[in-house]
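Structural features, examined
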Amino acid sequence: MHSYPHQPKIHRIYGGPSISLFIPRVLPHSSMHKPVFITFFNIWSQYAFNHLVLFVSLLIVCSSLPSLFCLPFMAPIFSLFLSFVMLSWSIAQGQGPPSPGYSPSTSVRTVKFDQVFRNLWGPQHQRADQDSITIWLDKTSGSGFKSIQPYQSGYFGAAMKLQPGYTAGVITSFYLSNNEDHPGNHDEIDIEFLGTTPDELYTLQTNVYIKGSGDGNIIGREMKFHLWFDPTQDFHNYAALWTPSEIIFFVDDVPIRRYTRKSEATFPTRPMWVYGSIWDASTWATDNGRYKANYNYQPFVGRYTNFKISGCIAGGPASCRPPSVSPSDTGSLSQQQLAAMNWVQRNYLVYDYCQDPKRDHGQIPEC
């Protein structure tokens, strides 16, 4: 959730053969299970451990024997142990979703930053050129930008690269909102990265608000994911497709979440603006506020480029239609796209508001 004006509103080491870091951690409040490929790594780790024990045992025995006697035994066992380490690392690095078979972003042209956006706040904490923008947070301020026009629907995407290291309490986001037009009663579609500590994975939070907090009771519809890559190492594409019937969230053109319109009361229909921001959300962002922003690590930097915006402008022609989500142009995800989304949700979903027993399900009837 974001507030304006003026209030802006894994590592994890993805590398190395540490098995626990290949497996997304389930958040304390989540009922979701760990990925199915945990079994493979448990089997591998036991097998590799057995070879390590054998190697160490031979090393101890051989310390009192001539080296020529031990070398023929030790070398192949140690070589086998190393091969298992490298095999595991290779598999973990290559683990990714099946191809969705279609890339919606290819039907949307890239736009220059200054064609679509303007600074919203923290101008001294952003650096923009025609194609990209870098924004940062320090103890004095964060920064944010906003689209020049509001939209009624459309495809909204950007490539983002996140800050490595300690980023607890920091939110780096790309989202739609009408908070400035409807304060206290707004709609929102969120792509938010929740900052982390160096030994944990980044969490990508997707969220939908409908007339958000008009009665003082904020009703979020969060689904949180870990990713199958390190988002600090390179730019990756994140997008939301908002149509009159559904909202679909994408990571590198792979659909990760589909939120369908089941009633007028549970779907955003009012025009929204597109925003990006980096700000301090220490009260809730990381482990429910347990870890705060630490400005000894400032500045916290978010980088954006490859903006893809194709939307129906508010008040524009009634004939305007958002881009198609699938090659069939039927407005529905294909079976191949659904299979890719289901794979992501089986392996990388760490929180689903519909599965949270602490939530009041009377407030979220779409579940």
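About the cut-offs
Residues numbered from 1 in each chain as written. Predicted model: local features only at pLDDT ≥ 70, side-chain atom pairs only at ≥ 80, totals over all residues. Heavy atoms only, no water. UniProt positions renumbered as here; feature names shortened; annotations may be inferred. Buried < 20%, exposed > 50% of the residue type's maximum accessible area, 1.4 Å probe, protein only. Helix = DSSP H or I, 4+ residues; strand = E, 2+ residues; numbered from the N terminus. Pairing = 2+ DSSP bridges. Disulfide = S-S within 2.5 Å. Expected span 1.5 Å × (residues − 1). Contact = heavy atoms within 4.5 Å. Core = buried A, V, L, I, M, F, W, Y, C linked by side-chain atoms within 4.5 Å. Phe/Tyr/Trp six-rings, centres within 6.5 Å; stacked < 30°, edge-to-face > 60°. Lys NZ or Arg CZ within 6 Å of the ring centre and 35° of its normal.

As annotated in an unreviewed UniProt entry, the protein chain carries the name Xyloglucan endotransglucosylase/hydrolase and is attributed to Gossypium darwinii. Per UniProt, the comment on the protein chain under Sequence similarities (unreviewed entry) is "Belongs to the glycosyl hydrolase 16 family." Taken directly from UniProt, the Function (unreviewed entry) text for the protein chain runs: "Catalyzes xyloglucan endohydrolysis (XEH) and/or endotransglycosylation (XET). Cleaves and religates xyloglucan polymers, an essential constituent of the primary cell wall, and thereby participates in cell wall construction of growing tissues."

Before going further, it helps to examine the pairing of strand S6 (residues 151-161). Across the 11 residues that make up S6, a large majority, 9, are buried. Pairing geometry for S6 and strand S15 (residues 300-313), over 9 bridges, is antiparallel. Its bridge partner lying in S15, Phe156 is registered against Ile309.

Within strand S13 (residues 254-260), 5 of the 7 residues are buried, which leaves the element mostly enclosed by the surrounding structure. In this structure, strand S12 (residues 246-251) lies alongside S13, joined through 6 bridges in antiparallel fashion. Bridged to Val251 within S13 is Val254. From the end of S12 to the start of S13, which pair antiparallel, there are 2 residues, and Asp252 there has a positive phi angle of about 50°.

The next subject is the state of the cysteines. A full pass over the atoms with the stated rule returns 2 disulfides. Across the disulfide from Cys312 sits Cys320; the S-S distance is 2.1 Å. Here Cys312 and Cys320 share a disulfide; its torsion about the S-S bond, -90°, makes the bridge left-handed. By relative accessible area, which is 7% here, Cys312 ends up buried.

Moving on, we come to helix H4 (residues 335-348). Given a rise of 1.5 Å per residue, 14 residues ought to cover 20 Å, and the 20 Å separating the end C-alpha atoms of H4 matches this to within 8%. Taken residue by residue, H4 has Gln337, Leu338, Ala340, Met341, Trp343, Val344, Asn347 and Tyr348 as its buried positions. Among the structural elements, strand S10 (223-225), S13 and strand S16 (349-352) are those in contact with the buried residues of H4.

Among the nonpolar cores identified, the biggest contains 55 residues, and Phe117, Phe174, Trp228, Tyr238 and Phe307 are the most heavily contacted of them. Excluding anything up to four places from it in sequence, Phe117 contacts Phe145, Lys146, Ser147, Ile148, Phe174, Val274, Phe307 and Ile309.

So, about the packing of aromatic side chains. The tally for this structure, following the rule as stated, stands at 20 aromatic pairs. Judged by centre distance (5.4 Å) and plane angle (20°), the rings of Phe113 and Phe117 are stacked. Given the relative accessible area of 5%, Phe113 is considered buried. Taken together, a centroid distance of 5.1 Å and an interplanar angle of 50° make the contact between Phe117 and Phe307 tilted. On the criterion of sequence distance, the pair formed by Phe117 in strand S2 (residues 117-121) and Phe307 in strand S15 is long-range, its members being 190 residues apart. Each of the two residues, Phe117 as well as Phe307, counts as buried. Taken together, the ring pairs connect Phe113, Phe117, Phe145, Phe174, Tyr304 and Phe307 into an aromatic cluster. We note Lys146 situated over the ring of Trp273; from NZ or CZ to the ring centre the distance is 4.1 Å.

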